[in-house]
Amino acid sequence: MTLISFVVPAFRVQGYLRECLDSILGQPIADIEVIGIDDCSPDAVGDILDEYAARDGRVRAVRLEGNVGLGPARNVGLDLAVGEYVWFVDGDDWLAPGCLVEVAARLRETRPDVLLVDHVRTYWDDRVSASAMPEVFPEPPGPETFRLAERPETLELLHTAWNRLLRRQFLVDAGLRFAPGWYEDVSFSYPALLAADRIGVLDVVCVNYRQRRAGAITKTQGERHFEVFRQWHRVFRELDRFGAEELRSAVFARMMWHYLTVLGTDERIPAELRPTFFARITIEHARFRPPGGHRVPDGIEGLKHRLVAAGRWQTFSALRATGRVGETARRVARRARHRLGPPARQGVRLARDVALGEYQRVERRRPVDENLAVYAAYWYRGYACNPAAVYEAARRLAPHVRGVWIVRPDRVHTLPDGVEYVVAGTPAYHRVLARARWLINNVNFPDSVRKRPGTVHVQTHHGTPVKVMGLDQQRYPLGATGMDFAGLLRRVDRWDFSVSANSFSTQMWERAYPAAYTTLEVGYPRNDRLVTATAEEVLRLRAELGAGLGERVVLYAPTHREHLPGYRPPFDPERFLDALGPTGLLLMRSHYFHDRDRRTPGPSSRARIVDVSDHPRVEDLYLAADVLVTDYSSAMFDYAVLDRPIVVYAPDWDAYRLTRGVYFDVTAEAPGAVARTFPDLLDVFRSGALETPEADRARAAFRERFCSLEDGHAAERVARRVFLGETAD
């Protein structure tokens, strides 16, 4: 018999759902099932659930025809569950590794109606805070079960559905189901405790409760928070149904705590609705106050209770404002202490930077130039990547827009003829950054850039992510040395649009860069060239690189290892060329991070080994190459557009995924043959393993997943939306 049925409702959580499902399916317990409910989510939630169901028989994917909300979606899963216990886990949270071993042992040992488990809150900045369990139960209850009347303090644990496992037959016998609307946990979790004969507590952290930076209901202002009153009405009806009158005072105290918590959160109740919400609390206080009275908390909380009972909003509001003033003063003091830290460096360069910064601030007071677009790529390394493709589309479709590129002094010579530019760091640079209406980049602009009203920032990115990015790097500190995650989010908050090549990238960007931007999932503009290039153009590019007719051109393009400065994968170009045979030509390209550190192995002694690290457009190299050899680089996703053989050479895969962190296993889901050692790589070419039916099938599956949007019109779609305001597909 299945021990636990996990019910995972999912709506707009595509960036987090994989982590949730992996955390469940990766537990060392076999007798489980996972029922994933796509609550008519407008993103890729349904596709993700289908994907997991296709490869793991323990997963069942359910798609609802309309959006019903969290409570009814959980009911759908409850009706389908077959496990002895049901665990409702939200799609943006995840389980602690290995926790299910202790959970299963406790369930089998004590057979509780409800088993409460511990959790931690995990924040976007990687902070973790504990739950109230140590305060509620200073002495852990151990394996003994109890009724709520015996331990009424249990009510003080968080009232969510995901921090408890419930015996399925108990729920059926008690007639317990979720109500629709917000705060649906309230009218389910408390009645379950009231009805249970056997409550257990397992003081083991099992759930990571994600504190989302954007998109969470608890961070959404509006009148729907008034639905909390209806949910508490249901709690008291259930209290009467179960004959738990002795617990009325404890339940009332918890209700008041919850109401005051909601009222005290600016992110929930707008200022104009707070007096009305307070008045409703006063009504609720009079309606549900126990006939024999109740214990009023001590201190400030007790004063709040008395003010609510008396309906004194003005006094309550003044008390709240006083507390906020005190917190503001403490925050200002902390900032002042920070400013009094290490003294600023002196010198001519600092004075110049200050002067230019002031110049940019002055320019920001001038009107926005309604026809100016500023482009940049790879920290001003030149004309390249998605911004270059968008620039070319904009010149054709929106000729009224003046495009200006930012470039480093040492890269000016790489710009195509006729491209207007400014040099980074000059007054002209600060002027265009201050006044441009559109700012397009494949990385972030500096912190000095401010988001002006009416301006549009477009983040094009520069690859489909294999390695973890953004906030996810906090879990892999060796690969995030020196990163300022708070500063990163300030930069992300400037984005209006985020360009995505595929659904997978969209999911990861939403998770790594949580903010309020609009995603343009349209394919990568830079890949248009791979689709539209003619056979004549390919022949010309090959000839420019020295490739004759009948020669096999292999492009080797490894990625950068941030956590291993100076590291190069073991690769002997001379031996590799010998494996290619007399018709082979090897192109070697280092990662752009190494443009001032040329230590790519080898290419100098033989004419058929060519260093192409300085080639201005990597798309030209893709078109010229017959085969790509790479490791964890996003190059594989772009090159797959051409439907040519790809070999993944992953000599340090185990160390890389554990140290740097990855989003998926490139050795298990590769677009072709995989080699884990250099001798294996040579064998792939000597044996012809790169062009077998198995490799072709792997590449086809990879292309279907990652390249379906690459039709040669991605740049046009971006330009039409950004510059012309068109929203049609």
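Residues numbered from 1 in each chain as written. Predicted model: local features only at pLDDT ≥ 70, side-chain atom pairs only at ≥ 80, totals over all residues. Heavy atoms only, no water.

**Some remarks on the overall build of the protein**
Consideration 1: Counting its regular elements, the protein contains 26 helices and 22 strands.
Consideration 2: The C-alpha radius of gyration of the protein comes to 30 Å, within 12% of the 27 Å expected for a compact globule of 729 residues.
Consideration 3: By principal-axis analysis of the C-alpha atoms, the protein measures approximately 95 × 65 × 50 Å.
Consideration 4: Taken across its 729 residues, the protein has 54% of its residues classed as buried.
Consideration 5: Taking all contacts inside the protein whose residues are at least 6 apart in sequence as the whole, residues at least 24 apart take part in 74%.
Consideration 6: Split by element, the accessible area of the protein, about 31500 Å² in all, is 52% carbon and sulfur.
Consideration 7: In the protein, which carries 99 positive and 97 negative side-chain charges, the distance between the mean positions of the two groups comes to 6 Å. (Helix = DSSP H or I, 4+ residues; strand = E, 2+ residues; numbered from the N terminus. Rg over C-alpha atoms; globule rule 2.2 N^0.38 Å. Buried < 20%, exposed > 50% of the residue type's maximum accessible area, 1.4 Å probe, protein only. Contact = heavy atoms within 4.5 Å. Areas by Shrake-Rupley, 256 points an atom, 1.4 Å probe, with all protein chains shown as cover. Lys, Arg positive; Asp, Glu negative; His and termini not counted. Charge placed at Lys NZ, Arg CZ, Asp CG, Glu CD.)

**Quick word on the pattern of salt bridges**
Consideration 1: One pass over the structure, following the stated rule, counts 54 salt bridges.
Consideration 2: In this structure, glutamate 84 engages arginine 111 in a salt bridge whose closest nitrogen and oxygen atoms are separated by 2.7 Å. Here glutamate 84 is found in the loop between helix H3 (70–80) and strand S4 (85–88), whereas its partner arginine 111 is found in the loop between helix H4 (99–110) and strand S6 (114–123), with 27 residues between them in sequence.
Consideration 3: For glutamate 726, the salt bridge is made with arginine 720, and the minimal N-O distance between the two is 3.3 Å.
Consideration 4: The exposure class assigned to glutamate 726 is partly exposed, which follows from its relative accessible area of 36%.
Consideration 5: Where salt bridges share partners, they join Glu19, Arg210, Asp472, Arg475 and Arg511 into one cluster. (Salt bridge = Lys/Arg side-chain N within 4 Å of Asp/Glu carboxyl O.)

**Here's the deal with the confidence of the model for the protein**
Consideration 1: Looking at the protein, the pLDDT average stands at 90 and 92% of residues meet or exceed 70.
Consideration 2: The least confident element of the protein is helix H12 (residues 313–339), whose mean pLDDT is 59; the most confident is S4, at 98.
Consideration 3: Within the model, the stretch residues 325–346 combines pLDDT values under 50 with three contacts to residues more than four positions away or in other chains.
Consideration 4: Low pLDDT, under 50, characterises residues 593–605; the predicted model gives this stretch 28 contacts beyond four residues in sequence or across chains. (pLDDT = per-residue confidence, 0-100.)

**Focus: helix H9 (residues 248–263)**
Consideration 1: Its 16 residues place the ends of H9 22 Å apart at the C-alpha level, agreeing with the 22 Å of an ideal helix rising 1.5 Å per residue.
Consideration 2: Taken as a whole, H9 has its buried residues at Arg248, Val251, Phe252, Arg254, Met255, Met256, His258, Tyr259, Leu260, Val262 and Leu263. (Expected span 1.5 Å × (residues − 1).)

**Topic: the packing of aromatic side chains**
Consideration 1: In total, this model carries 39 aromatic pairs according to the counting rule given.
Consideration 2: The interplanar angle of 55 degrees and the centroid separation of 5.4 Å between the aromatic rings of phenylalanine 278 and tryptophan 313 together place this pair among those described as tilted. Taken together, the positions of phenylalanine 278 in helix H10 (residues 274–288) and tryptophan 313 in helix H12 put the pair 35 residues apart, joining distant regions of the chain. Take phenylalanine 278 and tryptophan 313: they sit in the same class, and that class is buried. (Phe/Tyr/Trp six-rings, centres within 6.5 Å; stacked < 30°, edge-to-face > 60°.)

**With respect to the nonpolar core**
When a protein is soluble and globular, its nonpolar side chains tend to lie buried together.
Consideration 1: In terms of nonpolar packing, the biggest core is built from 89 residues, with Tyr375, Tyr513, Val722 and Phe723 touching the most fellow members.
Consideration 2: Top element by residues in this core is helix H14 (residues 385–397). It accounts for seven residues. (Core = buried A, V, L, I, M, F, W, Y, C linked by side-chain atoms within 4.5 Å.)

**Observations regarding the sheet that holds strand S13 (residues 436–441)**
Consideration 1: Strand order in the open sheet formed by seven strands is S12-S11-S10-S13-S14-S15-S16, and the pairing between neighbours is parallel. The open sheet has two edge strands, strand S12 (421–423) and strand S16 (518–521), and neither has a second partner. Each strand of the sheet is rotated relative to its neighbour by a mean of 25 degrees, with strand direction disregarded.
Consideration 2: Pairing of strand S10 (residues 369–376) with S13, which is carried by five bridges, proceeds in the parallel orientation. Considered in S13, the bridge of alanine 373 is made with tryptophan 438. (Pairing = 2+ DSSP bridges. Axes fitted to C-alpha atoms, helices over the stretch in contact; angles between N-to-C directions.)

**A short note on the side chain of asparagine 75**
Consideration 1: Tracing the chain through its elements places asparagine 75 in helix H3.
Consideration 2: Beyond its immediate stretch of four places on either side in the chain, asparagine 75 contacts Arg177 and Phe178.

**Some remarks on helix H16 (residues 485–492)**
Given 3.6 residues per helical turn, the α-helix brings residues three or four places apart onto the same face.
Consideration 1: Burial runs high along H16: six of the eight residues are buried.
Consideration 2: For H16, the set of buried residues is Phe485, Gly487, Leu488, Leu489, Arg491 and Val492.

**Thoughts on the environment of valine 722**
Consideration 1: Relative to the helices and strands, valine 722 resides in helix H26 (residues 714–724).
Consideration 2: Among the residues examined, valine 722 registers a relative accessible area of 8% and is labelled buried.
Consideration 3: Sequence-wise, valine 722 and tryptophan 438 are 284 residues apart; in three dimensions their C-alpha atoms are separated by 8.5 Å.
Consideration 4: Excluding anything up to four places from it in sequence, valine 722 contacts Trp438, Val456, Val458, Phe497 and Leu520.

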